[in-house]
Amino acid sequence: MAKWQKISEAEKQIMDIIWSYDRPVTTAEILTELPEDKAWKQNTVITFLARLMEKGMVTATRVGKANQYEARLTEQEYRNLETKRFIRDVHQGSVSGLISALCDSGDLTKEDIEELMKRLRE
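Quick look at the structure, then. (Residues numbered from 1 in each chain as written. Predicted model: local features only at pLDDT ≥ 70, side-chain atom pairs only at ≥ 80, totals over all residues. Heavy atoms only, no water.)

Another aspect to go through is the overall build of the protein. Per the secondary structure count, the protein includes 6 helices and 3 strands. N-terminal to C-terminal, the α/β element order of the protein is α-β-α-α-β-β-α-α-α. Its C-alpha atoms give the protein a radius of gyration of 18 Å, clearly above 14 Å, the size a compact globule of 122 residues would have. Expressed along its principal axes, the backbone C-alpha trace of the protein runs to roughly 55 × 35 × 25 Å. Here the protein holds 122 residues, and 27% of them are scored as buried. For the protein, long-range pairs separated by at least 24 residues make up 50% of all intrachain contacts whose partners lie at least 6 apart in sequence. Just so you have it, the protein exposes about 8,600 Å², and 49% of that area is on carbon and sulfur atoms. Side chains of the protein carry 19 positive and 21 negative charges; the gap between the two charge centres is 6 Å. (Helix = DSSP H or I, 4+ residues; strand = E, 2+ residues; numbered from the N terminus. Rg over C-alpha atoms; globule rule 2.2 N^0.38 Å. Buried < 20%, exposed > 50% of the residue type's maximum accessible area, 1.4 Å probe, protein only. Contact = heavy atoms within 4.5 Å. Areas by Shrake-Rupley, 256 points an atom, 1.4 Å probe, with all protein chains shown as cover. Lys, Arg positive; Asp, Glu negative; His and termini not counted. Charge placed at Lys NZ, Arg CZ, Asp CG, Glu CD.)

Evaluation of the coordinates by the stated rule reveals 9 salt bridges. Two residues, Glu11 and Lys55, come together in a salt bridge whose shortest N-O distance is 2.8 Å. You can see Glu11 sitting in helix 1 (residues 9–20) and its partner Lys55 sitting in the loop between helix 3 (42–54) and strand 2 (58–63), a full 44 residues away along the chain. In terms of burial, Glu11 and Lys55 fall into one category: buried. Between Glu29 and Arg23 there is a salt bridge, with the nearest N and O atoms lying 2.7 Å from each other. (Salt bridge = Lys/Arg side-chain N within 4 Å of Asp/Glu carboxyl O.)

For Glu11, a relative accessible area of 2% gives the class buried. C-alpha separation for the pair Glu11 and Lys110, spaced 99 residues apart in sequence, amounts to 35 Å. In this structure, Glu11 is in contact with Phe48, Arg51, Leu52 and Lys55, ignoring residues within four places of it in sequence. A polar contact of 2.8 Å, which involves the side chain of Glu11, links it to the side chain of Lys55. (Polar contact = N/O pair within 3.5 Å; in protein donor to acceptor, adjacent residues only side chain to side chain.)

What follows concerns the environment of Trp40. Examined against the element boundaries, Trp40 turns out to sit in the loop between helix 2 (27–33) and helix 3. When the C-alpha atoms of Trp40 and Asp104 are compared, they prove to be 41 Å apart, with 64 residues separating the residues in sequence. With sequence-adjacent residues up to four places away left out, Trp40 is seen in contact with Ala10, Gln13, Ile14, Leu31, Leu34, Val45 and Phe48.

Soluble globular proteins tend to bury their nonpolar side chains together. Residues Ile14, Met15, Ile18 and Ile30 are the most contacted members of the largest nonpolar core, which totals 21 residues. Every element with two or more residues in this core is listed here: helix 1 and helix 3. Here the element with the most residues in this core is helix 1; it accounts for 6 residues. Apart from residues no more than four positions distant in its own chain, Ile30 is found in contact with Ile14, Ile17, Ile18, Val25, Val45 and Leu49. (Core = buried A, V, L, I, M, F, W, Y, C linked by side-chain atoms within 4.5 Å.)

And the structure:
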C-alpha cells in the first residue's frame, strides 16, 4: 500500500467486520454483522465501502449482482500503521517518548512491564 490514509471510526467498524471473515464479504453480510445500535442503511454502508476503496483499504470484485469486498491489509498491518502514526503525531516520532508516557501514567501492570522487557530483549 503506497500511502495510507486515516480512516474514521465508522469505517473502522466496517473494516472490523471485513477482517472477521476469512473470505471476501458482501454488503448484505456486513449489514447482518453490524451491532444493533447501528441502524445504518445499505446506502450508508456502500458509502463507507466506497471511501475505504478510495483510501486503498479494500478492493471490490463483482460477483453476480453483488460486490465482494476484501481488505488490502491485515488487521495487524493496520494496527502497525496506526501506531506509527500515533507515535509520529503525538510523540513527535519518539518511541522512547511513548514508553515514558506509558510508564508515567501508572497504567502498566507488572506483567505489561515484563512483556515489554522480553520484547525489547528480542
